[in-house]
Amino acid sequence: MKKILITLVLGLGLLTANAQIEKLAGPRIGFTYITAGPIADFIHEGFDFDEDDKFGTSGPAFTTLYGWQWESRFADGGNVTGIVEWIVLVGGMEKGMFLPSASSIIGARMDNGLEFGVGPNLSLSGIGMVFGMGYNFKSGNLNLPINISVIPGRALEGTIHHYDGDYNNHSEEKYDYNSGTRVAITLGFNMSK
């Protein structure tokens, strides 16, 4: 938790530093593929999911994304520019769900448009690390970023309770599952000042 707070504080500090070169903001759209796990179960079954079933039994899921990105550039070294991005997305709207997530990514963009970064992600499934890379197509003042990001799933242990007609008389079955890895592709645009 300490590392995440330090990362967030550094990110905020970099956003307000005097070394900033440029701030950009714009919309993001995309989609996410989610491997089998409780997130995918929720997308498939909503609140009808029976917690007495094993997590990950409904298979992988797919959802669209819509959101906004804020970017600040710093430490312009000529061929490499440091970037800090804040990205807020909402998924699941095509299924009538509201699945928010927020990421803070610190990374670099090469002068050829290639970019990469890493940072914390906060969503309904908890806190995780997001790893991203992409390419920024530039046409005059128009930037068209296309990115792929991965948030690895976590290994977890679940418990199923088996009841034999009597609530007080039951057995437990332990099992291992994965929270579900999320792979997202997003694209957007923004204008340089």
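Anyway, here's the lowdown on the structure attached to this text. (Residues numbered from 1 in each chain as written. Predicted model: local features only at pLDDT ≥ 70, side-chain atom pairs only at ≥ 80, totals over all residues. Heavy atoms only, no water.)

## A few points about the overall build of the chain
When helices and strands are counted, the chain shows two helices and eleven strands. Listing the helices and strands of the chain from first to last along the sequence gives α-β-α-β-β-β-β-β-β-β-β-β-β. Out of the 193 residues in the chain, the part that is buried amounts to 39%. Of the contacts formed within the chain by residues at least 6 apart in sequence, a portion of 54% connects residues at least 24 apart. As displayed, the chain offers around 11,000 Å² of accessible surface, 64% of which is attributable to carbon and sulfur atoms. (Helix = DSSP H or I, 4+ residues; strand = E, 2+ residues; numbered from the N terminus. Buried < 20%, exposed > 50% of the residue type's maximum accessible area, 1.4 Å probe, protein only. Contact = heavy atoms within 4.5 Å. Areas by Shrake-Rupley, 256 points an atom, 1.4 Å probe, with all protein chains shown as cover.)

## Re the pattern of salt bridges
Inspection of the entire model under this criterion finds four salt bridges. Its salt-bridge partner being Arg109, residue Glu71 comes within 2.9 Å of it at the nearest N-O pair. One end of the pair, Glu71, is in strand β2 (residues 61-74); the other, Arg109, is in strand β4 (residues 99-110), with 38 residues separating them in the sequence. Classification of Glu71 by relative accessible area gives buried; the value is 2%. Using a relative accessible area of 8% as the deciding quantity, one classes Arg109 as buried. Between Arg109 and Glu85 there is a salt bridge, and its shortest N-O distance comes to 3.9 Å. Within this pair, whereas Arg109 is found in strand β4, its partner Glu85 is found in strand β3 (residues 80-91), the two being separated by 24 residues in sequence. Taken as a pair, Arg109 and Glu85 share a single burial class, namely buried. Members of the salt-bridge network, linked through shared partners, are Glu71, Arg73, Glu85, Arg109 and Glu115. (Salt bridge = Lys/Arg side-chain N within 4 Å of Asp/Glu carboxyl O.)

Distances and angles like these do not, on their own, reveal function.
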